[in-house]
Amino acid sequence: MALRKIVKNDLEFLGKKSRPVTVFDEKLAALIEDMRETLRKEEGAGLAAPQVGILRRIFIADIHCDGSIYKEFINPEIISATGKNDRYYEGCLSFPGRSFNVTRAHKVTMRAQDVKGEFFEFTAEDFVARCLLHEFDHLNGLTLPIVGKEVFEND
Ligand SMILES: [Zn+2]
């Protein structure tokens with residue numbers, strides 16, 4: 001395993017759309033383990049592959065909000081997104097030191113593949129739903145400066 005370098009403040013690269021994963025092999029498993037190690041060190045809630053320079057549709061997320069499981073979502077699709085949640089500000093490891101107000105759905109169900117290519121559905125609410133939607137956005141090149149309103153200390 002190895003730490004990966006996080007792409008920071010590069011709107012051109014982070015604005016690119018990621019391609020689907022088609023091969024579920026050892027290389028993919030190693031990438032996901034590296035992403036987990038990187039996210040654990042950074043103490044973040046989620047990390048998308050483009051944030052480590054890989055334009056593939058992969059992200060990991062802290063689904064229990066305690067750092068115990070960084071679950072992988074590969075080729076994710078949104079099955080449903082309901083309700084409105086605009087209570088939290090969001091940060092992003094690619095835009096350190098900045099926070100943004102983003103309105104998101106309160107509850108989301110996603111369908112994705114795991115590291116072995118098996119499909120699963122996962123439903124989350126509130127903070128975890130927000131995290132999943134944030135990471136999903138990364139795969140489409142949508143980052144906080146695009147989808148959010150920046151919050152400054154004096155606001
Ligand atoms: Zn982010």
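Computed from a prediction, not measured in an experiment: that's the story for all the values here.

A. Structural view of helix α2 (residues 26–42). Helix length check: α2, at 17 residues, gives a terminal C-alpha distance of 24 Å against a target of 24 Å (1.5 Å per residue), a fit within 8%. Within α2, the full set of buried residues consists of Leu28, Leu31, Ile32, Asp34, Met35, Arg36, Thr38 and Leu39. Where α2 is buried, its residues meet β1 (46–48), β2 (58–62) and β3 (70–82). A side-chain oxygen of the first residue of α2 lies 3.2 Å from the backbone nitrogen of Lys27; this N-cap is Asp25. One or two steps after α2, the chain reaches Glu43, where phi turns positive at roughly 55°.

B. Seen up close, the pattern of salt bridges. Applying the stated criterion across every chain, the model contains seven salt bridges. When the shortest N-O distance is used, the salt bridge between Arg36 and Glu33 registers 2.6 Å. With Arg36 and Glu33 both in helix α2 and three residues apart, the pair spans about one turn of that helix. Take Arg36: its relative accessible area is 15%, and that puts it in the buried class.

C. Molecular detail of unusual backbone geometry. At Glu43, a position not held by glycine, the phi torsion is positive, near 55°. Mapped onto the elements, Glu43 comes out in the loop between α2 and β1. A positive phi angle is found at Cys65, which is not glycine, with a value near 60°. Relative to the helices and strands, Cys65 is located in the loop between β2 and β3. According to the relative accessible area criterion, Cys65 is partly exposed, its value standing at 44%.

Parameters and conventions
Residue positions are given per chain, counted from 1 along the sequence in the order it is written. In view of the model being predicted, local features appear only for residues whose pLDDT reaches at least 70, and side-chain atom pairs are presented and counted only at 80 or more, with totals across whole chains, interfaces and linings using the full set of residues. Side-chain numbers here rest on the full set of heavy atoms in the structure, without hydrogens or water. Strands are runs of DSSP state E lasting at least two residues, helices are runs of H or I lasting at least four, and both sets are numbered from the N terminus onward. Helix span is expected to be 1.5 Å times the residue number reduced by one. Think of it in three bands: residues with accessible area under 20% of the maximum for their type are buried, residues over 50% are exposed, and the middle band is partly exposed, with areas taken using a 1.4 Å probe on protein chains only. Note on contacts: a residue pair qualifies if any of its non-hydrogen atoms lie within 4.5 Å across the two residues. Each polar contact in these results corresponds to two N or O atoms within 3.5 Å; when the atoms are within protein, one needs to be able to donate a hydrogen and the other to accept it, and residues that are neighboring in sequence are counted only if both atoms are side-chain atoms. By salt bridge we mean one thing: a side-chain nitrogen of Lys or Arg within 4 Å of a carboxyl oxygen of Asp or Glu.

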